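# Fold and contact review
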Amino acid sequence: ALPDPVLAQLNQMSRRRKIRSGAQVLGSDQEAPTVATILSGVVRLSKSLPDGRTQIVGLQFPGEFLGRPFAGPTGVLAEAATDVELCCVAKPQFESLLLAHTGMTELFAKRMSEGLDAAHEWMLLLGRKTAEERVASLLLLCAEKFQDATCADQGGVNEVRFDLPLSRTEMADFLGLTLETVGRMLKRLEQAGVVTIHSGRGLTVRDVTALRGRTEREQC
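These remarks concern the structure in this document. (Residues numbered from 1 in each chain as written. Predicted model: local features only at pLDDT ≥ 70, side-chain atom pairs only at ≥ 80, totals over all residues. Heavy atoms only, no water.)

## Considerations on the environment of Arg-168
To be explicit about the condition: Strands here are runs of E lasting at least two residues and helices are runs of H or I lasting at least four, both read from the DSSP assignment and numbered beginning at the N terminus. Burial status follows relative accessibility: with a 1.4 Å probe on protein chains alone, a residue under 20% of its type maximum counts as buried, one over 50% as exposed, and anything between as partly exposed. Any two residues whose heavy atoms approach within 4.5 Å at even a single point are treated as in contact.
With respect to the secondary-structure elements, Arg-168 resides in helix H5 (residues 168–175). According to the relative accessible area criterion, Arg-168 is partly exposed, its value standing at 37%. The spacing of Arg-168 and Glu-132 is 36 residues in sequence and 14 Å in space, taken between C-alpha atoms. Beyond its immediate chain neighbours, meaning those up to four positions away, Arg-168 contacts Leu-179, Val-182, Gly-183, Leu-186 and Ile-197.

## A look at the pairing of strand S8 (residues 84–90)
Heads up, the rule is: A pair of strands counts as paired when DSSP detects no fewer than two bridges linking them.
In terms of burial, S8 is a largely internal element, five of the seven residues being buried. Note: strand S1 (residues 15–19) against S8, five bridges, orientation antiparallel. Within the sheet, the bridge partner assigned to Arg-17 lies in S8 and is Leu-86. Pairing between strand S3 (residues 34–40) and S8: six bridges, direction antiparallel. Paired with Ser-40 across the strands is Glu-85, a residue of S8.

## A closer look at a negative patch on the surface
Under the convention used in this document: Patches here are clusters of residues that have more than 30% relative accessible area and form no salt bridge, with a 9 Å joining cutoff for like charges and a 5 Å cutoff for nonpolar side chains (Val, Leu, Ile, Met, Phe, Trp, Tyr). Surface accessibility in these figures is a Shrake-Rupley result with a 1.4 Å probe; residues are shielded only by whichever protein chains are displayed. One side-chain nitrogen of Lys or Arg within 4 Å of one carboxyl oxygen of Asp or Glu is enough to make a salt bridge. His is not counted here, nor are the chain ends, while Lys and Arg score as positive and Asp and Glu score as negative. We put the charge of a Lys on NZ, of an Arg on CZ, of an Asp on CG and of a Glu on CD.
Taken together, Glu-114, Asp-117, Glu-121 and Glu-216 make up a surface patch of like negative charges. With respect to the secondary-structure elements, Glu-216 resides in the segment after helix H7 (208–214).

## Re the pattern of salt bridges
Opposite charge on two side chains allows them to pair when their charged atoms are near. One pass over the full model with this rule turns up 10 salt bridges. Close ionic contact of Glu-132 with Arg-188 constitutes a salt bridge, the shortest N to O distance being 3.0 Å. Taken together, the residues span a long stretch of sequence, with Glu-132 in helix H4 (residues 131–150) and Arg-188 in helix H6 (residues 179–191) at a distance of 56 residues. Classification of Glu-132 as buried rests on a relative accessible area of 1%. Residue class for Arg-188 comes out partly exposed when judged on its relative accessible area of 29%. Among the charged side chains, a network of salt bridges with common partners joins Arg-44, Glu-79 and Glu-170.

## What about unusual backbone geometry?
A positive phi is found at Phe-70, a non-glycine position, where the angle reads about 60 degrees. Along the chain, Phe-70 falls in the loop between strand S6 (65–66) and strand S7 (77–80).

## Some words on the packing of aromatic side chains
We apply this condition: Ring pairs shown here join Phe, Tyr and Trp side chains whose ring centres sit within 6.5 Å, with only the six-membered ring taken for Trp; geometry is labelled stacked below 30 degrees between planes, edge-to-face above 60, and tilted in between.
With the rule as written, the count across this model stands at five aromatic pairs. Relative to Phe-108, the ring of Phe-65 lies with its centre 5.0 Å away and its plane at 80 degrees, an arrangement referred to as edge-to-face. A residue pair is termed long-range when its members are at least 10 positions apart, and Phe-65 in strand S6 and Phe-108 in helix H3 (residues 102–128) qualify at 43 residues. Residue class for Phe-108 comes out buried when judged on its relative accessible area of 16%. Here Phe-146 and Phe-162 contribute two aromatic rings whose centre-to-centre distance is 5.4 Å and whose plane-to-plane angle is 35 degrees, an arrangement assigned as tilted. One end of the pair, Phe-146, is in helix H4; the other, Phe-162, is in strand S9 (residues 160–163), with 16 residues separating them in the sequence. Residue Phe-146 is classed as buried on the basis of its relative accessible area, which comes to 15%.

## Things to note about the sheet that holds S6
Our working rule: To define axes, lines are fitted to C-alpha atoms, for helices over the stretch in contact only, and angles between the resulting N-to-C directions are given on a 0 to 180 degree scale.
Strand order in this open sheet of four strands is S1-S8-S3-S6, and the pairing throughout is antiparallel. Single-partner strands in this sheet number two, and they are S1 and S6. With two bridges joining them, S3 and S6 adopt antiparallel strand pairing. Residue pairing across strands places Thr-37 opposite Phe-65, the latter belonging to S6. Along the sheet, helix H2 (residues 91–100) contacts S3, S6 and S8; its crossing angle with S8, the most-contacted strand, is approximately 65 degrees.

Right under this line is the structure:
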C-alpha cells in the first residue's frame, strides 16, 4: 500500500531477525530500539504484577506490527510463542519515515485503531462470553490468522490446520478459565465435528463457519 520510494527506504533500513520459541523478544521494562513486522510465527504478550503474577494479554501473528513509535516502555513482555521471524527497523528511522510521509502515518494509525478494536472485542469475550464461546473465539482467531497461509494447500478454504501457539495451560490463563474447562470445551467442539485435535498442539478446524457460530452461541 506504500509508494515504491517509501518501500525502497524501508527495505534499505530493515533487517531480518529469527527468534527461537520461548525466547524473549522485548522486556517489559525496556524501550524497544526497533519496531518490527512479524513475518512468521506468533508472539505472546504478557504483563506482570509486582508480586510476580502474570497474565497473557495478547497474541500477535504474521503481518502484524510489534512496537510503539514515539512511546517509551509499555510494561508488556513480548516472547516468541513459536519460532518467529521479524523484519526489524530501527525505531528512530521508522519514526522519521512516519513524520515525512503522510500516507504512511495514516496507514499506521489505521493499524493501531484495528488493534484497539481487537482489544475491545477481547474485553467483551472475557466479561460476557461462556467457556465454550471463549475457547471457540481463540481457535477462530488462530484459524483466521493462519488461513491465508494454509488454504492454498488444502482441499477447501473452510478447513484450516495449524499448531496452537499456546499450551492448554496458557490457553486457560489467556481465557480466564481452568485447565480442566479448556480441555472439556475442546472435547465438546471435537465431538460436535467442528475441530479435530491431533497430537501435540496440532488442530484442524474442519468448518470455520461452524466455529464462528460457536463463538456467539449460548451453551448449556
